[in-house]
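Breakdown of the fold
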Amino acid sequence: MELPPGHHAATRAAALAACYLSYRRGSPWRGLALQAVRSGRRQDIDGVGRKYYLELVLEDVVDKDSTINCTAEVLHHLGNKNIAPDVQFTIEGELKNTDEADNMFYNRIKSLEKELVAENIPDNHGNISPEMEPIRLLAWVASGYVIWQNSTENTKFQLAQIKHVKQVKRSDEYLEFDYVILLHEMVSQEIIPWQMTVLWHPQHGVQVTRESRQPKHASE
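Residues numbered from 1 in each chain as written. Predicted model: local features only at pLDDT ≥ 70, side-chain atom pairs only at ≥ 80, totals over all residues. Heavy atoms only, no water.

1. Side note on the side chain of Arg-12
Summarising the element assignment, Arg-12 is placed in helix 1 (residues 8-25). The charged side chain of Arg-12 is buried without a salt bridge, its nearest counter-charge being Glu-153 at 6.5 Å. (Helix = DSSP H or I, 4+ residues; strand = E, 2+ residues; numbered from the N terminus. Buried < 20%, exposed > 50% of the residue type's maximum accessible area, 1.4 Å probe, protein only. Lys, Arg positive; Asp, Glu negative; His and termini not counted. Salt bridge = Lys/Arg side-chain N within 4 Å of Asp/Glu carboxyl O.)

Spelled out as structure tokens, the structure:
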């Protein structure tokens, strides 16, 4: 069944695909977000679930003039809320290379004498200091994993704010950060605190080793 580009279900599936793609291909200097849905088609698969076939335009979170086309398939499993949707994607063209900036960030954090601690990124006026931008983008990328794992056909999540982030000292090559973030669920308009433990290395990408929804008072 063909869906108009502005169809709510197609937009939700496309936003989920963008979050998954950002998690798989993002870094502290590259976050991806949905800019537009070019086309969408929905298929009911008996006994399996509902599948969306999508053509998307993604934009760089920092440089919104930098866009890339993508095709994606999103399968929501029938009835089981505990199984993450299946997402497959193909990017048309090349993503912007961020290796140099990523390595500079890695070396800067590795050389800190005290572990990094910060809160309220962006602040209540929407401001982000330049040195916190990669910390924010790392949360954006990692939140893509959380959103993928916790989405249904009727949800649409987006990272709203980092409430707190603390670097965790490690003896190996990875950087580790413990985040408490606020996710905005746009269908219900709920703001949900979420904890996530994030590992990152320039050669190995982002890993979320632990994530859990927090009680509302965690955001206060």
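Still to come is the rest of the account.
2. Examining helix 1
Its 18 residues give helix 1 an end-to-end C-alpha distance of 25 Å, which sits within 8% of 26 Å, the value for a rise of 1.5 Å per residue. For helix 1, the tally of buried residues reaches 15 of 18 residues, placing the bulk of the element in the interior. (Expected span 1.5 Å × (residues − 1).)

3. Remarks on the sheet that holds strand 3 (residues 49-60)
The strand order 1-2-3-4-5 describes an open sheet built from five strands, whose pairing is antiparallel. Two strands close off the open sheet at either side, each with one partner strand: strand 1 (2-3) and strand 5 (86-92). Direction of pairing for strand 4 (residues 67-77) relative to strand 5: antiparallel, over a ladder of seven bridges. Bridged to Cys-70 within strand 5 is Ile-91. Here helix 1 sits on the sheet and contacts strand 1, strand 2 (32-45), strand 3, strand 4 and strand 5; the angle it forms with strand 2, its principal contact strand, is near 120 degrees. (Pairing = 2+ DSSP bridges. Contact = heavy atoms within 4.5 Å. Axes fitted to C-alpha atoms, helices over the stretch in contact; angles between N-to-C directions.)

4. What to know about unusual backbone geometry
Pro-122 follows Ile-121 through a cis peptide bond whose omega is -5 degrees. Relative to the helices and strands, Pro-122 is located in the loop between strand 6 (117-121) and helix 3 (133-150). Here Asn-120, not a glycine, exhibits a phi torsion of approximately 55 degrees, which is positive. Checked against the element boundaries, Asn-120 lands in strand 6.

5. So, the environment of Asp-63
Along the chain, Asp-63 falls in the loop between strand 3 and strand 4. Residues Asp-63 and Leu-32 lie 31 residues apart in sequence; the distance between their C-alpha atoms is 9.8 Å.

6. Looking at empty space enclosed by the protein
One pass over the full model with this rule turns up one cavity of 30 Å³ or more. Here the largest cavity defines a volume of roughly 40 Å³. Taken together, Arg-12, Ala-15, Leu-16, Cys-19, Ile-147, Ser-151, Thr-152, Thr-155, Lys-156 and Phe-157 make up the lining of the largest cavity. Among the elements that line the lining of the largest cavity, the one with the most residues is helix 1, at four residues. (1 Å grid on protein atoms, 1.4 Å probe; cavity = no way out; pocket = protein on both sides within 12 Å on 5 of 7 lines; lining within 4 Å. Points joined across faces, edges and corners; volume = space filled by probe spheres on them.)

7. What about the side chain of Ser-143?
On the secondary structure map, Ser-143 appears in helix 3. For Ser-143, a relative accessible area of 2% puts it in the buried group.

8. Topic: the packing of helix 1 against helix 3
Following both chains from N to C, one finds helix 1 and helix 3 inclined at 130 degrees, their axes separated by 7 Å at the closest point. In terms of their interaxial angle, helix 1 and helix 3 are classed as oblique. Helix 1 and helix 3 meet at a crossing whose hand is left-handed. Across from Leu-16, Cys-19, Tyr-20, Ser-22 and Tyr-23 in helix 1, the residues of helix 3 making contact are Trp-140, Val-141, Gly-144, Tyr-145, Ile-147 and Trp-148. Partitioned by chemical class, the residues of the contact of helix 1 with helix 3 number nine nonpolar, two polar and no charged. (Parallel < 35°, antiparallel > 145°, perpendicular 65-115°, else oblique. Left-handed = near helix turned anticlockwise from the far one by under 90°. Nonpolar A, V, L, I, M, F, W, Y, C, P; charged D, E, K, R; others polar.)

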